[in-house]
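Inside the fold
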Amino acid sequence: MERLLMKKKKHLDTEIIHAGYDSGKHFDSLTPPIYQTSTFTFANAEQGEKRFAGEDSGYIYSRLGNPTVKVLEERMAAIEGGEAALAFGSGMAAVSATLISLTKTGDHILCSEGIYGCTFGLLQIMKEKYAIEHDFIAMKTEDSIRKAIRPETTVIYVETPINPTMTCIDLEMVVKIAKEKNITVVVDNTFCSPYLQNPLQIGCDVVIHSATKYICGHGDVIAGIVVGKEDFLGNMAMTTQKDIGGVISPFDAWLLIRGLKTLPVRMDRHCHNASILADKLKAHPKVERIYYPGDKDFADYEIASKQMKKPGGLISFEIKGNKATAQKFMNSLSLIKIAVSLGDAETLVQHPATMTHSVVPAETREKMGIKDTLLRLSLGLESSDDIWEDIEQALKQI
Ligand SMILES: *Cc1c(COP(=O)(O)O)cnc(C)c1O
């Protein structure tokens, strides 16, 4: 029954509420119970022996599997269109378990230019400690990707859209080359959520989410998810997940199951608010330019339209002036909160040059297009009128 539900049978909006859960197996509880337990009892010694030998499918210990976590994993697999999923205690636990699983000393990882700061840090550790090399390239043409692939390249690691400039990578193009060369394509799909983009359906091999963001949607959990092939994830569950140990708690898994149910409704609102605000920001005389995948003048508008269902809930924009102007603008906001993270009900603003990208050397930052006047907005679920009113009055003060 549960295995059947994992196949993508119904619409995402339906699967996201029902997949992976059979109330008949849980005292008819409408919603999945929180199995807040560290361990599971065996009826007798022989059953314990069988569970450890993999001959009995019952649970053993919550680092190796937990029924509440299992519901989340089956639901995520269903909505991303993957065979299986694994949940982790953070997005970074998901990224690290995946990359350690896929590489060994001497291997090479080819990355999109601009990846999440801590993933950058992890690649640095893997290089220094284990001689696993990496390169960053723009991935804008087939030729540039082919040239950057080495005989040792085992993984292509992509984020799209890329934070904070919203640059998009054509996943279909990447997959085509990777398949020829038998390279695993891993996509960090955090910015889109499974509602806007499904890289597995384009042919990518592994999808990672920081579930902290849109999947949770309420700013109260740190968690990660990996979706992909059953063989690969089964192996990870018994190695880099079990032995490194970055598992999620049953309660956090339950909060994500709860958050997921409204993902389509929330994403529609995030995207709606972003499209309204993008137009208003673009037309404002104190705004230099906007970076938004739904803007027809945006360099990657075509790629975004091809692989994303909607342009997402994030907008970056440059204001006229300098760093002090950007900071004065932020300090003049009242409804909009100054915070990193994204995908919450609250609209959040951050200053990449001094916050998420402050560790990137100024010169590299400049090359990546991250100016001191660039701000990133994560549109929340409030009324777009109120969000704009707050921005407009703050722009007046600079
Ligand atoms: C936040 C984020 C991560 C890291 O996730 P955590 O849950 O904070 O560990 C990875 N990738 C992207 C794109 C993110 O935004």
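Residues numbered from 1 in each chain as written. Predicted model: local features only at pLDDT ≥ 70, side-chain atom pairs only at ≥ 80, totals over all residues. Heavy atoms only, no water.

Looking at an unreviewed UniProt entry, one finds the chain named L-methionine gamma-lyase, with Lottiidibacillus patelloidae as its source organism. Taken from UniProt, the Sequence similarities (unreviewed entry) comment for the chain reads in full: "Belongs to the trans-sulfuration enzymes family. L-methionine gamma-lyase subfamily." The annotation that UniProt attaches to the chain under Cofactor (unreviewed entry) is "pyridoxal 5'-phosphate". (UniProt positions renumbered as here; feature names shortened; annotations may be inferred.)

**Description of the overall build of the chain**
Helix and strand content of the chain: 17 helices and 12 strands. Taken over C-alpha atoms, the radius of gyration comes to 22 Å for the chain, in line with the 21 Å a tight globule of 398 residues would show. On the principal axes, the C-alpha backbone points of the chain span a range of 75 × 50 × 35 Å. A total of about 17,600 Å² of accessible surface is found on the chain, and carbon and sulfur atoms cover 53% of it. (Helix = DSSP H or I, 4+ residues; strand = E, 2+ residues; numbered from the N terminus. Rg over C-alpha atoms; globule rule 2.2 N^0.38 Å. Areas by Shrake-Rupley, 256 points an atom, 1.4 Å probe, with all protein chains shown as cover.)

**Overview of the packing of aromatic side chains**
Taken as a whole, this structure holds five aromatic pairs when the rule is applied. Pairing F42 with F52 gives two aromatic rings, centres 6.3 Å apart and planes at 85°, and the pair type is edge-to-face. Of this pair, F42 sits in the loop between helix 2 (12-18) and helix 3 (45-53) while F52 sits in helix 3, and the two are 10 residues apart along the sequence. Overall, F42 belongs to the partly exposed group, its relative accessible area being 31%. (Phe/Tyr/Trp six-rings, centres within 6.5 Å; stacked < 30°, edge-to-face > 60°. Buried < 20%, exposed > 50% of the residue type's maximum accessible area, 1.4 Å probe, protein only.)

**Details of the environment of V265**
Take V265: it is sitting in helix 13 (residues 263-283). The class for V265 is exposed, based on a relative accessible area of 60%. With 37 residues separating them along the chain, V265 and G228 place their C-alpha atoms 25 Å apart.

**Things to note about the nonpolar core**
Among the nonpolar cores identified, the biggest contains 46 residues, and L72, M76, I225, I248, L256, L260 and L263 are the most heavily contacted of them. Counting only elements with at least two residues in this core, the list comes to helix 2, helix 4 (67-80), strand 1 (84-88), helix 9 (193-196), strand 7 (224-228), helix 12 (250-260), helix 13 and helix 14 (301-307). The element contributing the most residues to this core is helix 4, with six residues. When residues of this core are sorted by domain, at least three fall in each of domain 1 (12-260) and domain 2 (263-395). Once residues lying within four places of it in the same chain are set aside, the contact partners of L263 are I16, S193, P194, Y195, Y214 and I215. In terms of nonpolar packing, the next biggest core, distinct from the first, is built from 26 residues, A84, Y157, V226 and M236 among them. (Core = buried A, V, L, I, M, F, W, Y, C linked by side-chain atoms within 4.5 Å. Domains from an automatic or database assignment. Contact = heavy atoms within 4.5 Å.)

**As for the UniProt feature "modified residue: N6-(pyridoxal phosphate)lysine" (unreviewed entry) in the chain**
The UniProt entry lists K213 under the feature "modified residue: N6-(pyridoxal phosphate)lysine" (unreviewed entry), expressed in the numbering used here. Relative to the helices and strands, K213 resides in the loop between strand 6 (206-210) and strand 7. Relative accessible area serves as the criterion here: at 10%, K213 is assigned to the buried category.

**Thoughts on the domain arrangement of the chain**
One can read the domain layout of the chain as domain 1 (12-260) and domain 2 (263-395). The straight-line distance from the C-alpha centre of domain 1 to that of domain 2 is 27 Å. The interface of domain 1 with domain 2 comprises 36 residues on the first partner and 36 residues on the second. The largest contributions to the domain 1 side of the interface with domain 2 come from Y195, L196 and Y214, which together make up 27% of the buried area. If you look at where domain 1 meets domain 2, you find three salt bridges. Put simply, domain 1 and domain 2 have 17 residue pairs in polar contact (both at pLDDT 80 or more) between them. (Buried area = accessible area lost by both parts, 1.4 Å probe. Salt bridge = Lys/Arg side-chain N within 4 Å of Asp/Glu carboxyl O. Polar contact = N/O pair within 3.5 Å; in protein donor to acceptor, adjacent residues only side chain to side chain.)

**Quick look at the pattern of salt bridges**
Taken as a whole, this structure holds 16 salt bridges when the rule is applied. For the salt bridge of R51 with D56, the shortest nitrogen-to-oxygen distance reads 3.3 Å. E172 is the salt-bridge partner of K306, the closest N and O atoms lying 3.2 Å from each other. With a gap of 134 residues between them, K306 in helix 14 and E172 in helix 8 (residues 171-181) connect regions that are remote in the sequence. Take E172: its relative accessible area is 48%, and that puts it in the partly exposed class. A network of salt bridges, in which partner residues are shared, links E142, R146, K176 and E180.

**Points about helix 8**
When helix 8 is considered as a whole, its buried residues turn out to be L171, M173, V174, V175, I177 and A178. Where helix 8 is buried, its residues meet helix 7 (142-148), strand 4 (153-159), strand 5 (184-188), helix 10 (199-202) and helix 14. Its side-chain oxygen 3.1 Å from the backbone nitrogen of E172, D170 forms the N-cap of helix 8. Once helix 8 ends, the next one or two residues include N182, with phi positive near 60°.

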